[in-house]
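Residue-level listing of the chains:
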Amino acid sequence: MKPDREVAIVAFAQSDHRRRTDDLSEVEMLMPVLHEVLRRTGLKTSDIGFTCSGSSDYLAGRAFSFTMALDGVGAWPPISESHVETDGAWALYEAWVKLLTGEADTALVYSYGKSSPGSVRDVLTRQLDPYYVAPLWPDSVALAALQARALIDAGATDEAALADLAARRRTDAAANPHAQVTGARPQGDHVVAPLRTGDCPPIGDGAAAVILAAGDRARELCGRPAWIRGMDHRIEAHSLGVRDLTDSPSARLAAERAGAFERPVDTAELHAPFTSQEVVLTRALGLGDGVRINPSGGALAANPMMAAGLIRLGEAAAAVHRGDSDRALAHATSGPCLQQNLVAVLEGDPR
Amino acid sequence: MTPTPPPEILRAPLVVEFPFTRSLGPVQSAFLTGLRERTVLGVRTEGGRVLVPPVEYDPETAAELRELVEVAATGTVTTWAWNPEPRSGQPLDTPFAWALVRLDGADTALLHALDAPGPDAVRTGMRVRVRWAAERAGAITDIACFEPYGGDAEGGEPAPHSGEFDDPVTGIVAPARLDYTYSPGRAQTRYLQALSERRTVGERCPSCAKVYVPPRGACPTCGIATTDRVEVGPRGTVTTFCIVNIKAKNLDIEVPYVYAHIALDGAGLALHGRIGGIPYDQVRMGLRVEPVWSGDGRYPDHYRPTGEPDADYDTYKELL
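It should be emphasised that the depicted structure is a prediction, and the values quoted were computed from it without experimental measurement. (Residues numbered from 1 in each chain as written. Chains lettered and ligands numbered in written order. Predicted model: local features only at pLDDT ≥ 70, side-chain atom pairs only at ≥ 80, totals over all residues.)

(A) Looking closely at the overall build of chain B. Broken down by element type, chain B carries three helices and 21 strands. Since a compact globule built from 320 residues should have a radius of gyration of about 20 Å, the 31 Å found for chain B marks it as more spread out than a globular shape. In terms of principal-axis extent, the alpha carbons of chain B reach across some 90 × 45 × 40 Å. Across the 320 residues that make up chain B, the buried fraction comes to 37%. (Helix = DSSP H or I, 4+ residues; strand = E, 2+ residues; numbered from the N terminus. Rg over C-alpha atoms; globule rule 2.2 N^0.38 Å. Buried ≥ 20, exposed ≤ 12 C-beta atoms within 10 Å, placed from the backbone.)

(B) How the structure looks around the overall build of chain A. Across its full length, chain A holds eleven helices and twelve strands. For 351 residues, the compact-globule formula gives about 20 Å, and the C-alpha radius of gyration of chain A, at 19 Å, lands near that figure. A principal-axis box enclosing the C-alpha atoms of chain A has dimensions of 50 × 45 × 40 Å. Counting the 351 residues in chain A, one finds 66% classified as buried. Relative to all contacts within chain A whose residues are 6 or more apart in sequence, the contacts with residues 24 or more apart total 80%. (Contact = placed C-beta atoms within 7 Å.)

(C) Main features of the interface of chain B and chain A. The interface is formed by 55 residues belonging to chain B together with 50 residues belonging to chain A. Where the side of chain B that touches chain A is concerned, the elements lending two or more residues are β1 (12-23), β5 (74-83), β6 (96-103), β7 (110-114), β11 (171-182) and α2 (186-195) of chain B. Here the element with the most residues in the side of chain B that touches chain A is β11 of chain B; it accounts for eight residues. When its residues are assigned to classes, the side of chain B that touches chain A shows 33 nonpolar, 16 polar and six charged. (Nonpolar A, V, L, I, M, F, W, Y, C, P; charged D, E, K, R; others polar.)

(D) Expanded view of the environment of Val 73 of chain A. All names here are of chain A. Within the secondary structure, Val 73 is located in the loop between α3 (65-69) and β3 (81-84). Judged by the 24 C-beta atoms lying within 10 Å of it, Val 73 is buried. As for Val 73 and Leu 108, which are separated by 35 residues in sequence, their C-alpha atoms are 9.4 Å apart.

(E) View of unusual backbone geometry. Cis rather than trans, the peptide bond between Val 52 of chain B and Pro 53 of chain B has omega equal to 5°. With respect to the helices and strands, Pro 53 of chain B occurs in the loop between β3 (50-51) and β4 (67-71). A positive phi angle, near 55°, is found at Cys 337 of chain A, a position not held by glycine. Tracing the chain through its elements places Cys 337 of chain A in the loop between β11 (327-334) and β12 (340-347). The buried category is assigned to Cys 337 of chain A, around which 22 C-beta atoms lie within 10 Å. Despite not being glycine, Ala 62 of chain B shows a phi value in the positive range, around 70°. Here Ala 62 of chain B lies in the loop between β3 and β4. Residue Ala 62 of chain B is classed as exposed on the basis of its C-beta count, with 8 C-beta atoms lying within 10 Å.

(F) Highlighting the sheet that holds β3 of chain B. Residue and element names in this part refer to chain B. Taken together, the four strands give an open sheet; going across it, the order is β3-β2-β4-β10, and neighbouring strands pair in antiparallel fashion. One side of each edge strand has no neighbouring strand; the edge strands of this open sheet are β3 and β10 (159-160). Each of β2 (40-44) and β4 is contacted by helix α1 (residues 26-36), which is oriented at about 155° to β2, the strand it contacts most. (Pairing = 2+ DSSP bridges. Axes fitted to C-alpha atoms, helices over the stretch in contact; angles between N-to-C directions.)

(G) Fine view of the domain arrangement of chain B. We note that the domain assignment places domain 1 (25-169) and domain 2 (233-319) within chain B. Taking only C-alpha atoms into account, the centre of domain 1 of chain B sits 59 Å from that of domain 2 of chain B. (Domains from an automatic or database assignment.)

(H) View of the packing of helix α4 (residues 88-100) of chain A against helix α11 (residues 308-322) of chain A. All names here are of chain A. At a minimum axis separation of 6 Å, α4 and α11 run at an interaxial angle of 60°. Relative to α11, the element α4 is oriented oblique. Seen from α4, the contacting residues are Gly 88, Ala 89 and Leu 92; seen from α11, they are Gly 309, Leu 310 and Leu 313. Of the residues in the contact of α4 with α11, the class split is four nonpolar, two polar and no charged. (Parallel < 35°, antiparallel > 145°, perpendicular 65-115°, else oblique.)

(I) Examining the domain arrangement of chain A more closely. Residues and elements named next belong to chain A. Once the domains are mapped, chain A shows domain 1 (7-117 + 202-221) and domain 2 (120-198 + 228-347). For domain 1 and domain 2, the distance between their C-alpha centres works out to 22 Å. Counting residues at the interface gives 36 residues for domain 1, matched by 28 residues for domain 2. If you tally residues by element for the side of domain 1 that touches domain 2, the top one is α4, at six residues. Looking at the side of domain 1 that touches domain 2 residue by residue, the classes come out as 18 nonpolar, 13 polar and five charged.

(J) Expanded view of the sheet that holds strand β4 (residues 106-114) of chain A. All names here are of chain A. Reading across the sheet, the ten strands line up as β3-β2-β4-β7-β1-β8-β12-β11-β9-β10 and stay open at both edges, with mixed pairing between neighbours. A single partner strand is all that each edge strand has here, and the edge strands are β3 and β10 (292-293). Two elements, strand β1 (residues 7-14) and strand β7 (residues 205-214), share seven bridges in a ladder whose sense is antiparallel. Considered in β7, the bridge of Phe 12 is made with Val 210.

(K) Inspection of the UniProt feature "domain: ChsH2 C-terminal OB-fold" (unreviewed entry) in chain B at higher detail. Residue and element names in this part refer to chain B. If you check UniProt for "domain: ChsH2 C-terminal OB-fold" (unreviewed entry), the listed places come out as residues 69-132 and 230-293 in our numbering. As a span, residues 69-132 carries 0% helix and 50% strand, and end to end its C-alpha atoms are 20 Å apart. For residues 230-293, the helix share is 0%, the strand share is 48%, and the end-to-end C-alpha distance is 20 Å. (UniProt positions renumbered as here; feature names shortened; annotations may be inferred.)

(L) Seen up close, the pairing of β1 of chain B. Residues and elements named next belong to chain B. The buried fraction of β1 amounts to zero of the twelve residues, a small share that puts the element mostly on the outside. Sheet topology places β1 next to β11; twelve bridges connect them, and they run antiparallel. Residue pairing across strands places Leu 14 opposite Tyr 180, the latter belonging to β11.

(M) Up close: the environment of Val 345 of chain A. All names here are of chain A. Structurally, Val 345 can be placed in strand β12. Once the C-alpha coordinates of Val 345 and Met 231 are considered, the two residues, 114 residues apart in sequence, prove to be 6.5 Å apart. For Val 345, the contacting residues outside a window of four places in its chain are Arg 229, Gly 230, Ala 258, Gly 259, Ala 260 and Leu 329.

(N) Quick look at the packing of helix α6 (residues 140-153) of chain A against helix α10 (residues 275-284) of chain A. Residues and elements named next belong to chain A. At their nearest, the axes of α6 and α10 sit 9 Å apart, and the two run at 55° to each other. The angle between the axes of α6 and α10 places the two elements in the oblique class. Handedness of the crossing formed by α6 with α10: left-handed. Only Ser 276, Gln 277, Val 279 and Val 280 of α10 make contact with α6, whose side of the interface consists of Ala 144, Gln 147, Ala 148 and Leu 151. (Left-handed = near helix turned anticlockwise from the far one by under 90°.)

(O) Main features of α10 of chain A. All names here are of chain A. Within α10, nine of the ten residues are buried, leaving the element largely enclosed by the surrounding structure. Taken as a whole, α10 has its buried residues at Thr 275, Ser 276, Gln 277, Glu 278, Val 279, Val 280, Leu 281, Thr 282 and Ala 284. Buried residues along α10 sit against α6, α7 (159-172), β6 (195-196), α9 (249-257), β10 and β11. Gly 286 occupies a position one or two residues after α10 and carries a positive phi of about 60°.

In structure tokens:
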């Protein structure tokens, strides 16, 4: 689908992701990120046409936490606002659609997650099929490990290749001042075999925000806007046993509909919390050797739940802003074993 | 009035526990009732595939599925993962393999635990069978787990099944419990620590100067951090109130009683609390009140009249 209005990501900010943020409430963690992203554009809350956020109350066990987070926006006089109970990448999708309708020219999108108060491996079991799966409490690492084993059995990777991937991502993350885990490190023991500690994302707290703007407004606010050429999201069957876990047809279809295959991309930010999932995505999206994958370190370097997908879009946009990329693919995922996938294609104007 | 150093971080256990009561569709009901009777049912799609566990609608075409078949309690592992440290709620409390198992006669795989002595005893393609739970109630946990099985797959098409059983299961109760350690953050920590000294301390917005009690860390109007601490009260004014006539569960307060919005002197907005020490039908807007601290002195249990003349409406009309 070709959007008939030009919309771009014009600014991106994120927190320094940390294992714990006991000293801060959610809004106290989020607010500096909101201020930073507004500062980058010179906009005030009252200048923003639409605000959309993503978060999940289950992470920190705080009911209606997104209403408290709104305190950090300054939502008075009343703003046009919405919220999704998933990763902020989907909030960005909603905001993009809102701008495409012409009802707004600018949007603030943010998301945050504090995993530290709870046990995220257990919390995520509550998103599973409540009849046949959730009563077994299969944690997020276990489900990813089933996928990794299927991938190894299919000959697509092995434990040594996954270890190498983990080391490369965390080495790259050394240049990312916001990353939680940087530098190659021992793979550690099996958490759930075949996945080792090094194959798993760090657990931590963090927040991210972007600003979208349409047309000339985008050019005013940003030297080199990251134009959203296309964006789509797709979901697969919820029952793991009916899926081919070694492939990601939903990511591929979303990418196709976002226009990712029309021309090669030079950069890809993939939301792959587990090393094995980056292998699945790289294969499914046909990303070749010429593509810089996750120069930020990706989710293996910092995986604040509900923000990590939005951060992929933000990192890809920031690469365009800096001139490091001319055409980037950004991907976000949600659910077990890459169940839902969102893909956006971002481009900078020719230099 | 001056910013103070960060307080000691407060922490408290927080348990979120909820028993979800869920009704079952006809296919789910037959499947879970079947497990209770040691019978594994699948459902056949229009395309002829047999889905186990069975679902109400075809995941590919969304067609309504009702053609039940009985599959074997034996099957083949399609993928697995070794779980060295079982977690709370999982099927086994000793190390086990998670496995997707395609039961003989089925075209899709079921997730469950596989009891095996170690990862070296598990491989993709191995044969397994259902180990039934001793007590079965019509739930996925009626399968205790899978266990290794030496036999080959039995051939043949799965036989049609009516899905009818005596006393069918029509719903499940899925208990869920999540444990958290709650930390309230900077502003609320300071507020709670002041309360323990029988002081009520709000925070002022540096932009609009409104004093928030209790503070939540940000001015929701200006979207910036509240930083300056301001002690308010202890006395305040009832700005509005209601009379509660229904006794709350586990609450040892006689009805009727009055629940009120109270603007503490110096606060930029009203907080809420119970009014005591006065008959419920004599509480009024403008009534001047003061806190009566709880036995442990950690928070105001309720507010009582001070005996002062009522406040003028003009003094609190902006705080309604």
